[in-house]
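# Residue-level structure breakdown
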Amino acid sequence: MPDKAHGIANFEDKIIDGRKIAAYIESSLKEKVDYLKNSGIIPCIYVILIGNDPASVIYVKNKENAANRCGIMSKKIIIPVNISESELLNKINELNNDSLVHGILVQLPIPLHIDENKIMEAISPDKDVDGFHPFNEGKIFTGNSSFYPCTPFGIIKMLDYSNIELKGKNVVIIGQSIIVGKPLSIMLMNRNATVSVLNIHTKNIKCWTKMADVLISATGKAHLIDESFVKDGCVVIDVGIAKLNGKICGDVNFDSVIQKVSKITPVPGGVGPVTVAVLMENTVNAALQFLTNS
Ligand code: GUN
């Protein structure tokens, strides 16, 4: 019988602690926030929540809490699901024109009758703290965007913080969403990784995942990944969040893969808190850019 307590102690150094990294990012913002305040500016983010999807409500609450910790003013606008596209566009326009607002975020997903692309394009690129405006997305290619999307940027920061080299590594991403997989693939290429992006139509997923030095799973399918998907020494980044038997879990069956992996992000306490911390960093940077340009 394996010694469970002994095993857990060993496992601890495999864990990439998202809460610790988020706290480090947040604390490093303090100096910038103080500088802004001394210049008469309180960094301010507006979060627009359409409807009351329980997961979105929790994510928005986490963002508010982080803003409070960082000295950022956060305002929430809750809008009924039957809002029309033009009403939402008007609201965004109002915020674009308000010089006291530095960051605007529309929590996704949004109702199907509203064109998500139109909404992302309506947010001023200077206030696009999500990094989803096509102007900022395009700049990911050249590696000089003002606002990188928070989850991909958070993942890169977690890998850097853990001293995981990306150059020359096989990185496999499962999921090609606009929020995670697509921007992350470019950001990893900018680091000279060899990147494969899998999608729901990919055949023989395990053939790909077993080649991965770094496996990043962003599907939202609880416990999709077990030990049969990973090679020995693989770094596993779990972007999924779902509920299984009433418990929050990720795409990765942690207990199954832990023996094989060299590093892993847990769920909860992995990518999630770092994503929120990067949003705070983007907001502070938006306020700094406003100060520079004013
Ligand atoms: N929903 C899930 N992740 C995100 C995100 O990073 N930004 C926004 N706006 N909505 C999300």
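Quick summary incoming for the structure in this document. (Residues numbered from 1 in each chain as written. Predicted model: local features only at pLDDT ≥ 70, side-chain atom pairs only at ≥ 80, totals over all residues. Heavy atoms only, no water.)

## A word on the overall build of the protein chain
When you go through the protein chain residue by residue, the secondary structure sums to twelve helices and ten strands. For 294 residues, the compact-globule estimate of 2.2 N^0.38 gives 19 Å, and the protein chain sits close to it at 20 Å. Dimensions of the protein chain, computed from C-alpha atoms along their principal axes, come out at roughly 60 × 45 × 40 Å. Counting every position in the protein chain, which comprises 294 residues, the buried fraction comes to 47%. For the protein chain, contacts bridging at least 24 residues in sequence account for 71% of all contacts bridging at least 6. Accessible area for the protein chain stands at about 14,600 Å²; split by element, carbon and sulfur atoms hold 54% of it. Here the protein chain contributes 30 positively and 30 negatively charged side chains, and the mean placements of these two sets differ by 3 Å. (Helix = DSSP H or I, 4+ residues; strand = E, 2+ residues; numbered from the N terminus. Rg over C-alpha atoms; globule rule 2.2 N^0.38 Å. Buried < 20%, exposed > 50% of the residue type's maximum accessible area, 1.4 Å probe, protein only. Contact = heavy atoms within 4.5 Å. Areas by Shrake-Rupley, 256 points an atom, 1.4 Å probe, with all protein chains shown as cover. Lys, Arg positive; Asp, Glu negative; His and termini not counted. Charge placed at Lys NZ, Arg CZ, Asp CG, Glu CD.)

## Describing the side chain of Asn96
Here Asn96 lies in helix H5 (residues 85-96). The contact partners of Asn96, leaving out residues within four places of it in the chain, are Ile104, Ala122, Ile123, Ser124 and Lys127.

## Regarding the sheet that holds strand S2 (residues 73-79)
The sheet built from three strands is open, its strands ordered S2-S1-S3 with parallel pairing. Strands at the two margins of the open sheet, each flanked by one partner only, are S2 and strand S3 (103-106). Taking each pair of neighbouring strands and ignoring which way they run, the sheet shows an average axis angle of 15°. Inspection of the sheet shows strand S1 (residues 44-50) paired to S2 by seven bridges, in the parallel sense. Bridge pairing in S2 links Leu49 to Ile78. The strands touched by H5 are S1, S2 and S3; relative to S1, the strand with the most contacts, the crossing angle is about 175°. (Pairing = 2+ DSSP bridges. Axes fitted to C-alpha atoms, helices over the stretch in contact; angles between N-to-C directions.)

## Regarding the packing of aromatic side chains
The description of two aromatic rings rests on the distance between their centres and on the angle between their planes. What the rule picks out here adds up to two aromatic pairs. For the ring pair Tyr148 and Phe153, a centre distance of 5.3 Å and an interplane angle of 50° mean the geometry is tilted. Here Tyr148 falls in the buried class, since its relative accessible area comes to 13%. The lysine or arginine in question, Lys206, covers the ring of Phe229, its NZ or CZ lying 5.0 Å from the ring centre. (Phe/Tyr/Trp six-rings, centres within 6.5 Å; stacked < 30°, edge-to-face > 60°. Lys NZ or Arg CZ within 6 Å of the ring centre and 35° of its normal.)

## A word on the sheet that holds strand S10 (residues 263-264)
Within the open sheet, the five strands sit side by side as S5-S4-S6-S7-S10. Their pairing is parallel. Every interior strand has two partners, whereas the edge strands, strand S5 (194-198) and S10, have only one. Pairing of strand S4 (residues 170-174) with strand S6 (residues 214-217), which is carried by four bridges, proceeds in the parallel orientation. Pairing of Val172 across the sheet is with Leu215, part of S6.

## Observations regarding the nonpolar core
Counting 52 residues, the largest nonpolar core has Ile155, Leu188, Ile216, Ile237 and Met280 as its most contacted members. With eleven residues, the single largest contributor to this core is helix H12 (residues 271-293). Sequence-distant contacts of Ile237, defined by excluding residues within four places in its chain, comprise Ile16, Ile155, Leu159, Val214, Leu215, Ile216, Ser217, Thr265 and Val271. Formed by 20 residues, the second largest nonpolar core is a distinct cluster that contains Cys44, Ile77, Ile83 and Ile104. (Core = buried A, V, L, I, M, F, W, Y, C linked by side-chain atoms within 4.5 Å.)

## Side note on the environment of Trp208
Mapped onto the fold, Trp208 is located in helix H10 (residues 205-209). Residues Trp208 and Val197, eleven residues apart in the sequence, show an inter-C-alpha distance of 9.4 Å. Beyond its immediate stretch of four places on either side in the chain, Trp208 contacts Val172, Ser196, Leu198, Thr202 and Lys203.

## What to know about the site of the ligand
Around the ligand sit Leu105, Val106, Gln107, Leu108, Asp130, Phe132 and Ile179, and that is every residue in its neighbourhood. For the ligand, a nitrogen atom lies 2.6 Å from a polar atom in the side chain of Asp130. The fraction of the free accessible surface of the ligand (270 Å²) that becomes covered by protein chains is 83%. For the shell around the ligand, the per-class residue count stands at five nonpolar, one polar and one charged. (Near = heavy atom within 4 Å. Polar contact = N/O pair within 3.5 Å; in protein donor to acceptor, adjacent residues only side chain to side chain. Nonpolar A, V, L, I, M, F, W, Y, C, P; charged D, E, K, R; others polar.)

## Regarding the environment of Asn68
Along the polypeptide, Asn68 turns up in helix H4 (residues 54-70). Residue class for Asn68 comes out exposed when judged on its relative accessible area of 58%. For the pair Asn68 and Phe229, spaced 161 residues apart in the sequence, the C-alpha separation amounts to 40 Å.

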